[in-house]
Amino acid sequence: MTRTTIWATITLLSIGGYAQDVDARLAIANEIFDGKVKFRIDRDDRLIADLFSEQGLVRQDVAYVEFLSPDSISYSQEEQAVVLKCKTGEAQCIDKEIFKLNAIRHTGRSALPISPEKKNEAIAAIGAVIRAAQEAQVAERTRATMPK
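Just so it is clear, the model here is predicted, and its values are computed rather than measured.

As a further point, take the side chain of glutamine 137. Mapped onto the fold, glutamine 137 is located in helix α2 (residues 119–145). By relative accessible area, which is 7% here, glutamine 137 ends up buried. There is a polar contact of 3.4 Å between the side chain of glutamine 137 and the side chain of aspartate 45. Excluding its chain neighbours within four sequence positions, the residues that come into contact with glutamine 137 are Asp45, Val65 and Glu66.

Spelled out as structure tokens, the structure:
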């Protein structure tokens, strides 16, 4: 085997591993939020958070994972929510679609409701999702730039 073939095989296997890692981390985050918030990553590498109430879907927050900062996730006691923030320099990277108002708002933060007892788990889980998705992006870019 040539070096290029070995490198290509390792990279392809790594990308598959990253995708599984992202899926596993999404499952953990979804379990922690217990159906009140459901997370997914779409094919455009955007983190989508669907927020539900008793009446159904009320809001959808969407942001490209590359613009999110896993290290700036915090908990707001006043809102009883985990707060996601954009990276510095990406002032309004989150689009909030509020279905009741039929409006989309651009913002730099997203508040995701969670009980205070689960705040640390939720912060860790969302951070892990973002990190895994960002690592998968890097792996995909690396594969795309490899010599054929």
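Here we come to the sheet that holds strand β4 (residues 74–76). A sheet is described by the order of its strands in space; here three strands give the open sequence β4-β5-β8, paired in antiparallel fashion. Strand pairing shows two members of the sheet lacking a second neighbour, β4 and β8 (109–113), which therefore form its edges. Here the average twist between neighbouring strands, direction ignored, is 35°. Relative to strand β5 (residues 81–85), β4 runs antiparallel, the two being bridged by three bridges. Each residue of the ladder has a partner; that of serine 76, found in β5, is alanine 81.

The strand order β1-β2-β3-β6-β7 describes an open sheet built from five strands, whose pairing is antiparallel. Of all the strands in the sheet, just β1 (37–41) and β7 (103–107) have a single pairing partner and so form its edges. Averaged over all neighbouring strand pairs, the angle between strand axes comes to 20°, with direction disregarded. Inspection of the sheet shows strand β2 (residues 46–53) paired to strand β3 (residues 56–64) by eight bridges, in the antiparallel sense.

Our focus in this paragraph is unusual backbone geometry. One non-glycine residue, aspartate 45, lies in positive phi territory at about 60°. Judged by relative accessible area, which is 31%, aspartate 45 ranks as partly exposed. Although it is not a glycine, glutamine 80 adopts a positive phi angle of roughly 50°. Within the secondary structure layout, glutamine 80 lies in the loop between β4 and β5.

Criteria and cut-off values
- Per chain, the residues get numbers from 1 upward, laid out in the order the sequence is written.
- Side-chain atom pairs in this predicted model are given and counted only at pLDDT of 80 or more, local residue features only at pLDDT of at least 70, and totals for whole chains, interfaces and linings cover all residues.
- Here the side-chain values reflect all heavy atoms present in the structure, with hydrogen atoms and water set aside.
- Each helix is a run of H or I in the DSSP string that is no shorter than four residues. Each strand is a run of E no shorter than two, and both are numbered from the N terminus.
- When accessible area is computed with a 1.4 Å probe and restricted to protein chains, residues below 20% of their type maximum are described as buried, those above 50% as exposed, and intermediate ones as partly exposed.
- Each polar contact in these results corresponds to two N or O atoms within 3.5 Å; when the atoms are within protein, one needs to be able to donate a hydrogen and the other to accept it, and residues that are neighboring in sequence are counted only if both atoms are side-chain atoms.
- In this analysis, two residues are considered to be in contact whenever any of their non-hydrogen atoms come within 4.5 Å of each other.
- Whether two strands pair depends on DSSP finding at least two bridges between them.
- Only C-alpha atoms enter the line fits that serve as axes; for helices the fit covers just the stretch in contact. Angles between N-to-C directions range over 0 to 180 degrees.

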